[in-house]
Each structure stands twice: as C-alpha cells, then as structure tokens.
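Residue strings, one per chain:
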There are 2 protein chains.
Amino acid sequence: MDYTILLNLAILIFTAKAFALLARRIGAPQVVGEILAGLLVGPAVINLVKPDDVLEIFAEIGVIMLMFSAGLGTDLKQLKKSGLKSFVIAAVGVAVPLVGGFVLYGIFYGFAMPPSQSFYTALFMGTILTATSVSITVAALSEMGKLSSEVGTTIVGAAVIDDVIGIVVLTCVVGSAGGGGNVGMVLVKIAAFFVVALGVGMVVHKAMEWLDAKHPHSQRIPIYSLAFCFALAYAAQKFFGIADITGAYAAGIVLCTIKDTEYVEKKIDISSYMLFGPVFFACIGLKTDLSGLNLSILGFSVCFILVALVTKVIGCGFAAKVCGYKWMDSLRIGTGMMTRGEVALIVAQMGLSAGVLDSVYFPAVILLIIVSSVVTPIFLKLLFAKGGDS
Amino acid sequence: MDYTILLNLAILIFTAKAFALLARRIGAPQVVGEILAGLLVGPAVINLVKPDDVLEIFAEIGVIMLMFSAGLGTDLKQLKKSGLKSFVIAAVGVAVPLVGGFVLYGIFYGFAMPPSQSFYTALFMGTILTATSVSITVAALSEMGKLSSEVGTTIVGAAVIDDVIGIVVLTCVVGSAGGGGNVGMVLVKIAAFFVVALGVGMVVHKAMEWLDAKHPHSQRIPIYSLAFCFALAYAAQKFFGIADITGAYAAGIVLCTIKDTEYVEKKIDISSYMLFGPVFFACIGLKTDLSGLNLSILGFSVCFILVALVTKVIGCGFAAKVCGYKWMDSLRIGTGMMTRGEVALIVAQMGLSAGVLDSVYFPAVILLIIVSSVVTPIFLKLLFAKGGDS
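Residues numbered from 1 in each chain as written. Chains lettered and ligands numbered in written order. Predicted model: local features only at pLDDT ≥ 70, side-chain atom pairs only at ≥ 80, totals over all residues. Heavy atoms only, no water.

Enquirer: Looking at this structure, how should I read the overall build of chain A?
Expert: Of regular secondary structure, chain A possesses 15 helices and zero strands. For 390 residues, the compact-globule estimate of 2.2 N^0.38 gives 21 Å, and the C-alpha radius of gyration of chain A, at 20 Å, lies within 12% of that figure. Summarising its shape, the C-alpha atoms of chain A cover approximately 65 × 50 × 45 Å along the three principal directions. Every one of the 390 residues in chain A was classed for burial, and the buried ones make up 60%. Within chain A, contacts between residues separated by at least 24 positions form 80% of all contacts whose residues are at least 6 apart in sequence. (Helix = DSSP H or I, 4+ residues; strand = E, 2+ residues; numbered from the N terminus. Rg over C-alpha atoms; globule rule 2.2 N^0.38 Å. Buried < 20%, exposed > 50% of the residue type's maximum accessible area, 1.4 Å probe, protein only. Contact = heavy atoms within 4.5 Å.)

Structure below.
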C-alpha cells in the first residue's frame, strides 16, 4: 500500500480547516478558504500535495455526501412548490450560457457554419458553460442557514435539473460533431433513471420507516442510508449516464421524510466535515495547473469567465423573475447558479477526445471553476446580507 | 474515475452491518459478523466484491481510526501502572510462538541447521506467529466496555509493544536469512520514533490544550486531531519502519488527556463506524482466497493455527500470571493477544520475497487470521461473562 495518502489527507484537512477559519474571520465563506488551501499546497504553488486517483475518490465521496445531505435537508413541500419554477430556471439557465459561449468564441476567432470544425468548437465552448455545479452553492447556503429556504430549494432543484438538461445538450453536441451518442437513447435513460429511482425509492423509504419505528436512533439507520446513497449514486452514473451526485441527491430526497432524517443527516455531516468535505473542496484548488497560461489565452479566459457568470445570472435570474420571484430573490437564484465544477472539465475533456477542442483552453475552464467557486459564495453572502426575506 | 468503489462500499457497509447485527443476536461479537460478511461477498464465496487498492486504503484508514480511538480512550494512569507488565507479556508472547512455529515446521518437514534453507523457513514460520493484531481485540473489548479496564489497557499496551518487538525479530530473521536489514539500525529507528513522538506529542498536546481552552467543542479540534493522527501514522511507517497503526495509537495517547478528548473520540468513532470500520473488518474476509488449499496443506494449517493460538495464550497468560495477575485475568490477557492480522501476512510476503517461504503456506496464514479473528472475540466474551472482576 502507498502510505502517501495518509500524509496527503493530513495536510489537506489541516490546511483546509485552517484556511476555512481564516476565510470566516474576514467574512468570506469557509469553502473559499478550503479551495484556496488546496491551491496553495497543490502543484500550482508549493507542490506539497499532488492530486491522484485516491484523493479523487475521497473528493468524489465528499461531494456525494454533500449532495446526499442537501437531499436529506430538502423541504419536500417546498420542492413540490418550486419544482416547475426550478425546471424553467434550469432550462433558460442552460440556453443563455450555451449561446453566450458560442458567440464569445465567434467574436474571438470568427464565426463559422457547420460542418466546419470551428462551428463545433464554438458549440463546445457554449456546452462547457451549461452545467451548474451546485456543491459550492449548497455549502455556502448551508453555512448561512438558507439551504432549505424557498430560494435555496429552488437553486438546488434547478441545479439538479440543469445537470440533466446539460447531459442532453452534451449528447446532442457530441452526436452532431460526429462522435457517438444517441439523443433518443439518452432521454430514455434519463427517464428510466427517475422511474427506477422513484420505484426503488418508495420501497427503500418504506423499509427505512419500518426500521426506524423498530430501532429508532440506532447505528444501522445512518449506515443503511449511506449504503443506499452510494448504491444510487453508482447506479445513476453506471447504468443511466447521469452524474453520481444527482443519484446521491435523489437518495437524500427519498429519505428526507423519515422519522430519523435529522439523525441520519447529522452522522453524514460529521463523516463529511471530518474528512471528505474538506478534501473535496481542497481538491478543486489542488487540480489547478496554471502553467499552460499565456497572455492571449488569459485574455480569452477573462472574457470566457465573465460570459459564464453573466449569462447564468441573466438567464436564471430572468427566468426566476418571470416565474414570479421578487427582483432580489431572482438575483440570488441567478447568482447561486453561477458556479461551475467538474462537469465543465468533463465536457472539455470530451471535446478534446472528439477532436474539436484544444487543450490550450483547459486553463480557462479551470480558472472558471476556481473563480466561480470563490466569487459565488461571496456574492451570495452579500446578497443575503442585503436583506429582503427569502 | 472508477465508480466501482461506490458500489463496493455500499455492499460492504450494508452487509457488514446486517451480519454484525445477526452476530449480536446469536451472542457473538459484531466484528465476527463483519468479517464473515466480507468472506461471503468476497471472492471466497459469491465474488460480488473484489479486494482492490482503494478498498485497501479505506480498510487501512479504518484500522488507523480504530487504534487512534483506542489511544484516545486510554486511561493514562492505568497504562503507566501496567506498562512494565505489558512489556514482559509482549516479550514472552513473542518468544513462545516463535519457538512454537519453528518446532511445528520441524515436526512436519524435519529439523535442519543453518545455513540450510529449511532452517530459515522454519524460523519464518515462527516469525509469522509473533505479531499480535490487536484491532479485533480492541473492537471486541470496546463492545463489552472493557477497553479501558486494567486487563484491556494491558492487552492494548502489550500488543503495541509486541508489534515493535515483532519488527525487531523480523529484521533479525530477514537479516540472518541473507536479506537486507540491519538490526542495530532498526533498534535506533524504533527508539528515534518514540523520542520524536514524545517530543512532537508534547508540543501538539500543549497546542491542542490551548486551542481547546479557546474554542471548546469546535469542529477544528477533532479535525486537527485526525490530521495529527494521520501524520504520525504516516511518519511511523515511512521514516521509522514502524506500523502506521502504532503511530495512530501513539497519537491517541498524546491527545488522551485534553479537555475535549471525549468530544474528539466521539467524532472519530462516528466517522469510523459509518464507513471505515466496517470496511476494515469486511476486508479481512474479502482478502481470503481459499482456492490454493489441499489436504496436506490443510493438515499443516490446522496444526499451525492451533500452535499459533495456544502459544500466545500460554506465553502471554503465563507472563501475566508471573506479573501478578489473577488466573482468570491472565487467561483473558492471553486470549486477547491471540489475534493475528495483516502483519502476519506481511511477514509471509517478506519470506516469499526472500525466497525462504513458499506461497503454498499463504492459505494457512490467512486461515489463521480469520480463525483467530473469529474465535478471539467469542472466547473473550465468554471469559468476561464468567465473572471475576478485571
């Protein structure tokens, strides 16, 4: 066994917590500190910890636990109320950045028509911008105690739906660019996942309620819950081509109304904040390699990031306003949807494999993840501090 | 990323908990159920989960957390009182099985003198039997609430010292069998580790006490504690050639008298029982491959296991009696020291690399781990139920 993982974990959880407390002291959200801690100890700065497969797995379990906990904390009535609105916000919030990325590439490098290579590159730029990564927002909202508010529920709901829409868009783009992927098949799989999740979820929910009545507050409740979460996350990714964190969120929803929900949530939260959570956020910083940057790419990157943030705020915020939210809440929703995460990188990776994207644009994507992850919680905090009940 | 780990974890924690509860229902310790769950879902029976590097790491963190928790729960006064006794028990408990294994091999395959190959093979058989794996015993004692009793402290102390003596013996044997390793160097390293652990430990202890006074019951206390545990475990293994779990136990001892010790222990225990602990115990069963067994090896294995168990009970029990323990407590101590674990496998592995041991004896070692892990908790439970205060 390679024991380096022990040292890596020790460094990451220690620095992440120390920087998180520092961030809190200056009024910033703790997750920002955790990301910067990763950036500092990682290859980008002092190169003490190198990202590897094992850390990747710990980080993945971290985000799975985070989303599971968000699902567990869901106010189901609230979600039912905001479900349709979330869908509209997600859809518009995918469309506007998609167009924005396409146009930005055209402005920089010229517009083109299919079947030109340039057209598909531009389309991929747009596709990279579609998927919101809700984990940072969830952590920030949770820190402020706003996660189960109407705005919080709408954001998380929209981000999950956005993920699904993003997959459909990606499949269409890859398909049309000449890669594999069948749009109809993808839609069938997505529908199948929700049918299966609903069916299995009802059985698991009943079983857990029965267990809960028989052995309240016993270890088996949170352990079986976590096993269910892992299983559904795995199944989503493996059999339905949906992000594992969507599966974890669905598992949380399934268990959000049992008697011991709060008990389960507490155990998951402890497991998460002791180890997996900090590792996840630190890994975002850790994976950042800024060495490929030059001035031209940097210029594009700055515009890319601006377009990414602005189009989400406008798209989602406008849709929220149309759905009947007040201006302030619309702005909060738009801002909460700004974060991009590993999905953006995965899309970029697929563009590279499909031969339509150059790896020279990777730093732009990584910077987008960093910047959006750092500024979104700060903006959210400011917007919620501004008052106006949500 | 390979998502199989999610499925593996889901299966392991679910079946481990289910079997643990089943074991408890029939009056056996829960860890026995967890090991059998691993045996069942692993390659030995239904082959649903295959052991891999990532599971190995989760298991290792599981045993590290277990030993850290045992260290945290140490009654320091008790340990000081039983320290010398633990040392004597450990030393005799290493010597008797060493001779036992040597003699057993001689009886089966003939005695030989150095520099004959056979002599070293026999010596290795003995060496495999030296190291007690205390994790199972710790879990069983903890389940019975006897971990911080005088007997419990003596056992854990002896097992940790035994580990150190085992390393010295192994180095001598490998060295004399023609492999590398310098006995003097090993002893220096071991002494250096305890000096460093003591020095660093005093600083960390002071720092944590200061932090504890300033921010009692805050998340940073258990997080920094865990980081320290990982770091010391890593350092022990990497720089001093001592088992990582010894480092983790030492880290626990360092922090066993701060104000928030109990708070830290609780958070570690939750992180452990939710995921890492069950994975560790299930992995023992998981790694068992019984396919290489034949009748002749099976015969040797049975005797090998009997010798392993009996020599530890006699060696440690006799030493305990000499040290002034009552008969019942001496028997409990001897029994608690019977368990063998991954160290036995590591020794066997080293014998294979050194060319003095055939892999045909591996199932015997694995069976020893399984059998000792299963019977020790059961015997302990019976012995403690028999009464006689400890």
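Enquirer: Honestly, the relation of the copies chain B and chain A in this entry has me stumped. Any pointers?
Expert: Two chain copies here: they are related by a rotation about an axis and a translation along the same axis. The transform that puts chain B on chain A rotates by 180° and translates by 0.0 Å along the axis, for an RMSD of 0.0 Å. Taken together, the rotation and translation describe the operation of a two-fold axis. Relative to the rotation axis, the closest C-alpha in chain B is found at S271(B), a distance of 2.4 Å. A shared interface surface links the copies, since 100% of the contact residues of chain B are contact residues in chain A too. (Least-squares fit on C-alpha atoms with pLDDT ≥ 70 in both.)

Enquirer: Got a minute to help me understand the interface of chain B and chain A in this structure?
Expert: Often, the extent of an interface is quoted as the loss of accessible area on bringing the components together. Counting residues at the interface gives 43 residues for chain B and 43 residues for chain A. Around 4,300 Å² of area is buried between chain B and chain A when both sides are counted, 80% of it from carbon and sulfur atoms. Between chain B and chain A we count zero salt bridges in total. For the interface between chain B and chain A, the tally reads two residue pairs in polar contact (both at pLDDT 80 or more). Only α1 (4-25), α3 (53-72), α9 (220-239) and α11 (261-286) of chain B provide two or more residues apiece to the side of chain B that touches chain A. For the side of chain B that touches chain A, the element with the most residues is α1(B), which contributes 12 residues. (Buried area = accessible area lost by both parts, 1.4 Å probe. Salt bridge = Lys/Arg side-chain N within 4 Å of Asp/Glu carboxyl O. Polar contact = N/O pair within 3.5 Å; in protein donor to acceptor, adjacent residues only side chain to side chain.)

Enquirer: Explanation requested: the packing of helix α9 (residues 220-240) of chain A against helix α11 (residues 261-286) of chain A in the structure shown.
Expert: Helix-helix packing: each pair is described by the crossing angle between the helix axes and the interaxial distance. Residue and element names in this part refer to chain A. Packing of α9 against α11 brings their axes to within 9 Å, and their N-to-C directions diverge by 70°. Put simply, α9 runs roughly perpendicular to α11. You can see that α9 and α11 cross each other, and the crossing is right-handed. Residues I221, P222, S225 and L226 of α9 touch α11, and the partners they reach there are Y263, V264, K267 and I268. Partitioning the contact of α9 with α11 into residue classes produces six nonpolar, one polar and one charged. (Axes fitted to C-alpha atoms, helices over the stretch in contact; angles between N-to-C directions. Parallel < 35°, antiparallel > 145°, perpendicular 65-115°, else oblique. Left-handed = near helix turned anticlockwise from the far one by under 90°. Nonpolar A, V, L, I, M, F, W, Y, C, P; charged D, E, K, R; others polar.)

Enquirer: I tried to follow the nonpolar core on my own but got confused; where do I start?
Expert: General note: in soluble globular proteins, nonpolar side chains tend to be found buried as a group. Core analysis: the biggest nonpolar cluster contains 288 residues, and F58(A), F230(A), F304(A), F58(B), F230(B) and F304(B) have the highest contact counts within it. For F304(A), the residues in contact, after removing those within four places along its chain, are L104(A), M125(A), I128(A), L129(A), A364(A), V365(A) and L368(A). (Core = buried A, V, L, I, M, F, W, Y, C linked by side-chain atoms within 4.5 Å.)

Enquirer: Could you clarify how one ought to interpret the environment of D2(A) in this entry?
Expert: Residue and element names in this part refer to chain A. Its location among the elements puts D2 in the segment before α1 (4-25). Residues D2 and A235, spaced 233 residues apart in sequence, show a C-alpha to C-alpha distance of 29 Å. A distance of 2.6 Å separates the side chain of D2 from the side chain of T4, its partner in a polar contact.

Enquirer: Explain helix α6 (residues 134-144) of chain B here, please?
Expert: The periodicity of an α-helix, 3.6 residues per turn, causes residues three or four positions apart to be oriented the same way. All names here are of chain B. With eight of 11 residues buried, α6 is to be regarded as a mostly interior element. Within α6, the full set of buried residues consists of V134, S135, I136, T137, V138, A139, A140 and L141. Looking at the residues trailing α6, positive phi occurs at G145, about 70°.

Enquirer: Just to check I follow, could you spell out the pattern of salt bridges for this structure?
Expert: Side-chain pairs of opposite charge can arise whenever the charged atoms involved come near each other. All names here are of chain B. Tallied over the entire structure, the rule returns four salt bridges over all chains. The residue R332 makes a salt bridge to D329 at a minimum N-O spacing of 2.8 Å. Here R332 pairs with D329, and both are found in helix α13 (residues 327-336), just three residues apart, close to one helical turn. Both residues of the pair, R332 and D329, count as buried.

Enquirer: What is the right way to look at the side chain of H205(A) in this model?
Expert: Following the sequence through the fold, H205(A) ends up in helix α8 (residues 183-214). Residue H205(A) is classed as buried on the basis of its relative accessible area of 16%.

Enquirer: Any chance you could explain the environment of T15(A) here in plain terms?
Expert: Residue and element names in this part refer to chain A. Structurally, the position occupied by T15 is in helix α1. Residues T15 and L36, 21 residues apart in the sequence, show an inter-C-alpha distance of 9.4 Å. When residues no more than four places from it in sequence are discounted, the contact partners of T15 are A37 and V41.

Enquirer: What exactly am I supposed to notice about the packing of aromatic side chains here?
Expert: Here a ring pair, both rings aromatic, is described through the centre-centre distance and the interplanar angle of the planes. Taken as a whole and judged by the stated rule, the model has 36 aromatic pairs over all chains. Between F58(A) and F58(B) the ring centres are 4.9 Å apart and the planes differ by 10°, which places this aromatic pair in the stacked class. Taken together, the positions of F58(A) in helix α3 (residues 53-72) and F58(B) in helix α3 put the pair across two chains. Comparing F58(A) with F58(B), the two get one shared label, buried. Plain terms: the ring middles of Y105(B) and Y109(B) are 4.9 Å apart, the flat faces sit at 40° to each other, and that makes the pair tilted. (Phe/Tyr/Trp six-rings, centres within 6.5 Å; stacked < 30°, edge-to-face > 60°.)

Enquirer: Please explain the side chain of R332(A) as it appears in this structure.
Expert: Judged by relative accessible area, R332(A) falls into the buried class, the value being 0%. Here L383(A) takes part through its backbone oxygen, which lies 3.1 Å from a polar atom of the side chain of R332(A).

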